[in-house]
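Summary of structural features
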Amino acid sequence: MNAAELRAIQAPLKDRFRADPAAALITLHAIGRLEGSGITCTIERSPGEAVAGLHPATGGTGAELCSGDMLLEALVACAGVTLRSVATVMEIPIRSGRLLAEGDIDFRGTLGVSRETPVGFLAIRLRIELDTDAPQEALDRLLKLTERYCVVSQSLKVAPAMSIARA
């Protein structure tokens with residue numbers, strides 16, 4: 001897809017959201033099922049399912065997906081798609097690239113070993129490697145815009161309102 005094609009696809013969406021801001025508020029969904037006696041949660045997705053379980057540092061076997069890894073994967077996926085979209089609009093040709101996310105967790109918090117230790121990621125780093133001939137100024141802008149428009153990155157930086165309730 002080139003810049004003109006992407007703009008043509010997005011133009012009516014942008015026009016609609018400018019005219020009707022409420023139309024831009026879309027609720028995404030994820031569904032998990034608790035089945036059997038294992039300490040797992042089956043995530044419904046298309047195609048297929050994904051089974052999440054405990055990280056080995058919390059007693060898991062490592063046979064199931066770790067939700068922390070899934071969060072990093074979501075960051076990589078979102079940043080990758082955002083980067084490609086921005087690069088397309090900026091007409092920056094990218095031959096190939098890799099996105100690598102890593103995050104530090106002190107599992108003492110998760111296991112309740114230390115009340116002073118936060119539960120969750122202490123730091124997350126995303127590194128982007130690109131094979132391109134674009135000038136450095138264009139690449140700097142590309143990374144800045146990728147960070148700005150990546151939904152997952154922004155959600156991690158500016159925590160959204162969160163609630164947990166029993167149905």
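The structure this text deals with has already been given above.
Now for a quick tour of the structure.

Thresholds applied
Residues numbered from 1 in each chain as written. Predicted model: local features only at pLDDT ≥ 70, side-chain atom pairs only at ≥ 80, totals over all residues. Heavy atoms only, no water. Pairing = 2+ DSSP bridges. Helix = DSSP H or I, 4+ residues; strand = E, 2+ residues; numbered from the N terminus. Axes fitted to C-alpha atoms, helices over the stretch in contact; angles between N-to-C directions. Parallel < 35°, antiparallel > 145°, perpendicular 65-115°, else oblique. Left-handed = near helix turned anticlockwise from the far one by under 90°. Contact = heavy atoms within 4.5 Å. Nonpolar A, V, L, I, M, F, W, Y, C, P; charged D, E, K, R; others polar.

This next bit is on the sheet that holds strand E2 (residues 40–44). One open sheet holds the 4 strands; their spatial order is E1-E2-E3-E4, and the pairing between them is mixed. Two strands close off the open sheet at either side, each with one partner strand: strand E1 (31–33) and strand E4 (65–66). Strand direction decides the pairing type here: E1 and E2, joined by 3 bridges, are antiparallel. When the bridges of E2 are listed, Ile31 appears paired with Glu44.

What follows deals with the environment of Pro47. Relative to the helices and strands, Pro47 is located in the loop between E2 and strand E3 (49–53). With 16 residues separating them in the primary sequence, Pro47 and Ala63 have C-alpha atoms 20 Å apart.

So, about the pairing of E2. Hairpin connection, E1 to E2: the antiparallel pair is bridged by 6 residues, and Gly36 has positive phi, about 70°. Across 5 bridges, E2 lies against E3 in antiparallel orientation. Across the sheet, Cys41 pairs through a bridge with Ala52, a residue of E3. Here E2 folds back onto E3, and the loop between the two strands holds 4 residues, one of which, Gly48, carries a positive phi near 75°.

Attention now goes to the packing of helix H1 (residues 3–19) against helix H2 (residues 67–90). Where H1 contacts H2, the two axes come as close as 7 Å, and the packing angle between them is 115°. By the criterion of interaxial angle, the relationship of H1 to H2 is roughly perpendicular. Between H1 and H2 the crossing geometry is left-handed. Of the residues in H2, those touching H1 at Ala3, Leu6 and Arg7 are Ser85, Thr88 and Val89. Within the contact of H1 with H2, the residues separate by chemical class into 3 nonpolar, 2 polar and 1 charged.

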